[in-house]
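# Architecture and fold: a report
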Amino acid sequence: PYQAEISQGRLEALLNYQTVVCELTGLPVANASLLDEGTAAAEAMTMSLRLSQEPGEKFYYVAANCHPQTISVVQNRAWPLGITVMVLNPKDFDFTKRPFGVLVQYPASDGSLEDYKTLAQKAHEHGAFVTVATDLLALTLLKPPGEFGADIAVGNSQRFGVPLGYGGPHAAFFATKEDHKRHMPGRIVGVSKDSSGGRALRL
């Protein structure tokens, strides 16, 4: 239904989705999905810019081993906003240039795994926000991004079981820290009370 609150079953499914995303990413707040992974990464970049207090040029670092379609969407979103996107090996990120944020892929597009704890610490020391594009199925075994310092985690929910042949784009997930929830794009399902005082879900 257009008025989502009438469909409590649908909202409960979305609330369960948000809860699983929070548990797997190690971040306390998740939304009820965005269009796809590239769009979610672009939204993370613009959210990082809104959160940043750094004046001057708008630099954003993107790891070269991110998925190519994600890099492309981020670059296209950055251009009209006057953001300079630099696609580099994460080991070459130069934080003395004061980027407002960075995007890394975990696991990378080629399947490699890196420990980004030190990178996240350096980024935060220079006022940059860290976005990790990741995979939900991989996170059932890997350390959650929230535990090594990610401010935002994004990715594709195709690994929740919708087969690739079913079509696409598959809905993205987006999770962040409690402090940033008012800046998060998309819709959030929350637990509230109805007119009788009972448990009710709201969008």
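Residues numbered from 1 in each chain as written. Predicted model: local features only at pLDDT ≥ 70, side-chain atom pairs only at ≥ 80, totals over all residues. Heavy atoms only, no water.

## Quick notes on the pattern of salt bridges
Under the criterion given, the structure shown has 3 salt bridges. Its salt-bridge partner being Asp151, residue Lys177 comes within 3.1 Å of it at the nearest N-O pair. Of the two residues, Lys177 is situated in the loop between strand 7 (172–176) and strand 8 (190–193) and Asp151 in the loop between strand 5 (129–135) and strand 6 (152–156); the sequence distance between them amounts to 26 residues. Overall, Lys177 belongs to the partly exposed group, its relative accessible area being 29%. With a relative accessible area of 3%, Asp151 lands in the buried category. The partner of Lys181 in a salt bridge is Glu178, with the nearest N and O atoms 2.7 Å apart. (Salt bridge = Lys/Arg side-chain N within 4 Å of Asp/Glu carboxyl O. Helix = DSSP H or I, 4+ residues; strand = E, 2+ residues; numbered from the N terminus. Buried < 20%, exposed > 50% of the residue type's maximum accessible area, 1.4 Å probe, protein only.)

## A short note on helix 2 (residues 37–51)
Look at helix 2: 21 Å from first C-alpha to last across 15 residues, which is about the 21 Å you get at 1.5 Å a residue. By the criterion of burial, helix 2 is predominantly enclosed, with 13 of the 15 residues buried. (Expected span 1.5 Å × (residues − 1).)

## What about the pairing of strand 8?
The pairing of strand 8 with strand 9 (residues 199–202) spans 4 bridges and is antiparallel. Paired with Gly190 across the two strands is Arg202, which belongs to strand 9. Where strand 8 folds back onto strand 9 in an antiparallel hairpin, the turn is made up of 5 residues, including Gly197, whose phi is positive at roughly 85°. (Pairing = 2+ DSSP bridges.)

## Focus on the pairing of strand 6
By the criterion of burial, strand 6 is predominantly enclosed, with 4 of the 5 residues buried. Summarising the sheet, strand 5 and strand 6 pair through 5 bridges and their orientation is parallel. Counted as the bridge partner of Val132 is Ala153 from strand 6. Where strand 6 meets strand 7, 5 bridges bridge the pair, whose relative direction is antiparallel. The residue of strand 7 that forms the bridge with Ile152 is Thr176.

## As for the confidence of the model for the protein chain
Keep in mind that low pLDDT regions are not for reading the predicted coordinates in detail. Overall, the prediction assigns the protein chain a mean pLDDT of 92, with 93% of residues at 70 or greater. Taken element by element, the protein chain is modelled with least confidence in strand 9, mean pLDDT 92, and with most confidence in strand 4 (residues 101–106), mean pLDDT 98. (pLDDT = per-residue confidence, 0-100.)

## Things to note about the packing of aromatic side chains
Inspection of the entire model under this criterion finds 6 aromatic pairs. Consider the rings of Phe93 and Phe95, whose centres lie 6.4 Å apart with planes at 85°: the pair is edge-to-face. Take Phe93 and Phe95: they sit in the same class, and that class is buried. Centroid distance Tyr106 to Phe148: 5.1 Å. Interplanar angle 75°. Geometry classified as edge-to-face. (Phe/Tyr/Trp six-rings, centres within 6.5 Å; stacked < 30°, edge-to-face > 60°.)

## Digging into unusual backbone geometry
Backbone torsion omega between Tyr106 and Pro107 reads -5°, so that peptide bond is classified as cis. Following the sequence through the fold, Pro107 ends up in the loop between strand 4 and helix 4 (117–125). The backbone of Ser33 sits at a positive phi, close to 100°, despite the residue not being glycine. Residue placement: Ser33 occurs in the loop between strand 1 (29–30) and helix 2. Within the chain, Arg98 stands out as a residue other than glycine whose phi angle is a positive 55°. Among the residues examined, Arg98 registers a relative accessible area of 34% and is labelled partly exposed.

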